[in-house]
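Each chain, letter by letter, is given below.
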Amino acid sequence: MRGRARVGGHVTLIFSIQDESLNLLEQGSRGAGLSLDRGVIIEARGQSGTGALTLEGDAPSSELHHLVLEELKNLEPAFGQYDWNLNHEGELPASQGFGLSAAGAISCALALQRALNIDEEVARSRSIHVAHRVERRLSGGLGDVAALHAGGVELRLEPGCPQLPNGLGGAGAVLSWHADIPLVVVWRMTSSQHTSNYIDDPDWKLSIRAAGEHCLFGLREGLWDATRWSELLSKSAEFAERSGLLGDSNRVELLHLVGGALAGSGYADGSLVARLCMLGESVVIVPNEFPAPDNWQDVVIENLQLRGLGAASASVAADALNLH
């Protein structure tokens, strides 16, 4: 039996921590961000056994995948009747603010269920439910799973896992819109702090929540569509400064390096802008307005790499749960 899933990552631009509930499905964040068309690919192979799991590939650890299988067994005991081998391929670096733990949890759950030929709509709902619980058990991303469920450019109105069929999910509420937006993700070549270092710290939690709620207030008014793009970019820059995250982990220096690369590529005119990815030491470069300049990604990536930074082209994904 075999199953495969490719799920995109996610970039958080603004967020407000809401994790007081004892119910993992109600924990999360309000916020806004972008689903990516690069993320994690998992292939699952199963044979009769006792529910053992082995992991190959480039995953940072196997803990997340063991928890996904454990949660799936709680929903469908049949998963415990097989031994599973997973192969993990990350298309972006882990722990850099690209939502790869959420993408990995969802793709793991989808691949395992596809191996058992479970109905696709059922599999998607279960995968979101399971991945959200696993993320919170590991003190990982607060809103990445809900964002990936929505796809596109999302606005998370209420925290928690979105409501799902068959009694799954929570009370999370997300709006989204999609346009073909080319982008470049940029990261330092050194490892970053784990998300929990911020969201479990009382001082960071307070400053992030205050900044997030302030910046989300205006975004929550009116229709959420492509006309809000420039407002989202403006509020995300304000959030980085208000929260204190801009001044932490040499993020100012990173933005200066990226700005130099944009100028060296001929884009000092403001047609492309860089915004911090939360919570890594990473940046997403996007067009300031639509339509975007033509064929800009390759030359920008070349100039970023000349400055010792990692970079990759991507675009906003309408359906991040079913990339081909």
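Predicted, not measured: the structure shown is a model, and the values here were computed from it. (Residues numbered from 1 in each chain as written. Predicted model: local features only at pLDDT ≥ 70, side-chain atom pairs only at ≥ 80, totals over all residues. Heavy atoms only, no water.)

A. Region of interest: the packing of aromatic side chains. Applying the stated criterion across every chain yields a total of 8 aromatic pairs. With centroids separated by 5.1 Å and ring planes inclined at 70 degrees, the aromatic side chains of Tyr-198 and Trp-204 adopt a geometry described as edge-to-face. The class for Tyr-198 is buried, based on a relative accessible area of 1%. (Phe/Tyr/Trp six-rings, centres within 6.5 Å; stacked < 30°, edge-to-face > 60°. Buried < 20%, exposed > 50% of the residue type's maximum accessible area, 1.4 Å probe, protein only.)

B. Focus on the packing of helix α8 (residues 251-264) against helix α9 (residues 297-306). Direction vectors running N to C along α8 and α9 enclose 130 degrees, while the axes themselves pass 8 Å from each other. Overall, the two elements α8 and α9 adopt an arrangement that is oblique. The two elements α8 and α9 meet at a crossing, and its hand is right-handed. Of α9, the residues touching α8 (which contributes Val-258, Ala-261, Leu-262 and Gly-264) are Val-300, Asn-303 and Leu-304. (Axes fitted to C-alpha atoms, helices over the stretch in contact; angles between N-to-C directions. Helix = DSSP H or I, 4+ residues; strand = E, 2+ residues; numbered from the N terminus. Parallel < 35°, antiparallel > 145°, perpendicular 65-115°, else oblique. Left-handed = near helix turned anticlockwise from the far one by under 90°. Contact = heavy atoms within 4.5 Å.)

C. View of the sheet that holds strand β10 (residues 310-315). The 4 strands lie next to each other as β8-β9-β7-β10, forming an open sheet whose pairing is antiparallel. The open sheet terminates on both sides in strands that have one partner only, identified here as β8 (272-277) and β10. Strand-to-strand twist of the sheet, defined as the mean angle between neighbouring strand axes without regard to direction, takes the value 25 degrees. Of the pairings in the sheet, the one linking β8 to strand β9 (residues 282-287) comprises 6 bridges and is antiparallel in character. Bridge pairing links Cys-277 to Ser-282 in β9. Contacting β7 (182-187), β8 and β9, α8 runs over the sheet at an angle of about 40 degrees to β9. Helix-sheet contacts for α9 involve β7, β8, β9 and β10, and the interaxial angle to β10 is about 160 degrees. (Pairing = 2+ DSSP bridges.)

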